[in-house]
Each structure stands twice: as C-alpha cells, then as structure tokens.
Amino acid sequence: MKINKSIYKLLQPYEPHLSTAYYADYFRFLSNQKINEILAIARKAGYTGSVIASCNNCCLKFLKEVAKEYFTYKKSINDK
C-alpha cells in the first residue's frame, strides 16, 4: 500500500479514527459503510487485504495498517 497526495486527502476525514487505532490501539464505533469507504480508498492505494466489517479485531487491524501508511506519509509532508 502506498499513500500519495490524493489518497491522503481522501483519508483526512477519517484521521481521528486512524489516530486512535494507531496510537491508542482502539477505535470507536464505525459503521459498516464507513469501514467500506476506508477500504475502497485503501484499495486505490494498493491495499490487497480484506476486512470483515462486523469483526472488531479485523477492523482494528485494518485501521492500524492504513494508519501506519497514512501517518508515515503525513510525517514526510511535515518534514519537507
């Protein structure tokens, strides 16, 4: 999975969820629709994994994977 500027912009509305998943190892309720929206964005970035939206462990693992790439990209922008 590779985040670029357009993917970063699409993920920005979900940053609070990504942040808690990545830094605090939890997430608050996200509807199946929101999980699927994030999954669609992640697929555009090359994500090949799957997520079962009704499985909290699956969702947390997925959000942490996306968040890792998201915050790595965000840090690279801030470093420039």
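For the structure itself, look to the data block above.
Residues numbered from 1 in each chain as written. Predicted model: local features only at pLDDT ≥ 70, side-chain atom pairs only at ≥ 80, totals over all residues. Heavy atoms only, no water.

Q: Break down helix 4 (residues 56-79) for me, citing the residues and quoting the values.
A: Taking 1.5 Å per residue as the helical rise, helix 4 with its 24 residues ought to reach 34 Å, and the 34 Å between its terminal C-alpha atoms agrees with that figure. Regarding helix 4, the residues found buried are Cys59, Leu60, Phe62, Leu63, Val66, Ala67, Tyr70, Phe71 and Tyr73. Packing partners of the buried residues in helix 4 comprise helix 1 (5-11), helix 2 (15-24) and helix 3 (32-44). (Helix = DSSP H or I, 4+ residues; strand = E, 2+ residues; numbered from the N terminus. Expected span 1.5 Å × (residues − 1). Buried < 20%, exposed > 50% of the residue type's maximum accessible area, 1.4 Å probe, protein only. Contact = heavy atoms within 4.5 Å.)

Q: Just give me the short version of unusual backbone geometry, but keep the residues and values in it.
A: Where the residue is not glycine, phi is negative for most of them; where a peptide bond is considered, it is trans in most cases. Of note in this structure, Asp25 is not a glycine but carries a positive phi near 60°. The topology assignment puts Asp25 in the loop between helix 2 and helix 3.

Q: Tell me about the packing of helix 3 against helix 4, residues and numbers included.
A: As a packed pair, helix 3 and helix 4 sit with axes 11 Å apart at the nearest point and diverge in direction by 40°. For the element pair helix 3 / helix 4, the angle class is oblique. Like other packed secondary-structure pairs, helix 3 and helix 4 cross with a definite hand, here left-handed. Taken together, the residues of helix 4 that come into contact with helix 3 (itself represented by Ile35, Ile38, Leu39 and Ala42) are Cys59, Phe62, Leu63 and Val66. Here the residues of the contact of helix 3 with helix 4 sort into eight nonpolar, no polar and no charged. (Axes fitted to C-alpha atoms, helices over the stretch in contact; angles between N-to-C directions. Parallel < 35°, antiparallel > 145°, perpendicular 65-115°, else oblique. Left-handed = near helix turned anticlockwise from the far one by under 90°. Nonpolar A, V, L, I, M, F, W, Y, C, P; charged D, E, K, R; others polar.)

Q: Run through the packing of helix 2 against helix 4, naming residues and quoting values.
A: For the pair helix 2 and helix 4, interaxial distance at closest approach is 8 Å and the crossing angle is 105°. Relative to helix 4, the element helix 2 lies roughly perpendicular. Packed against helix 2, whose contacting residues are Glu15, Leu18, Ser19, Ala21, Tyr22 and Tyr23, the element helix 4 presents Leu60, Leu63, Lys64, Val66, Ala67, Lys68, Tyr70, Phe71 and Lys74 at the interface. A per-class count over the contact of helix 2 with helix 4 returns ten nonpolar, one polar and four charged.

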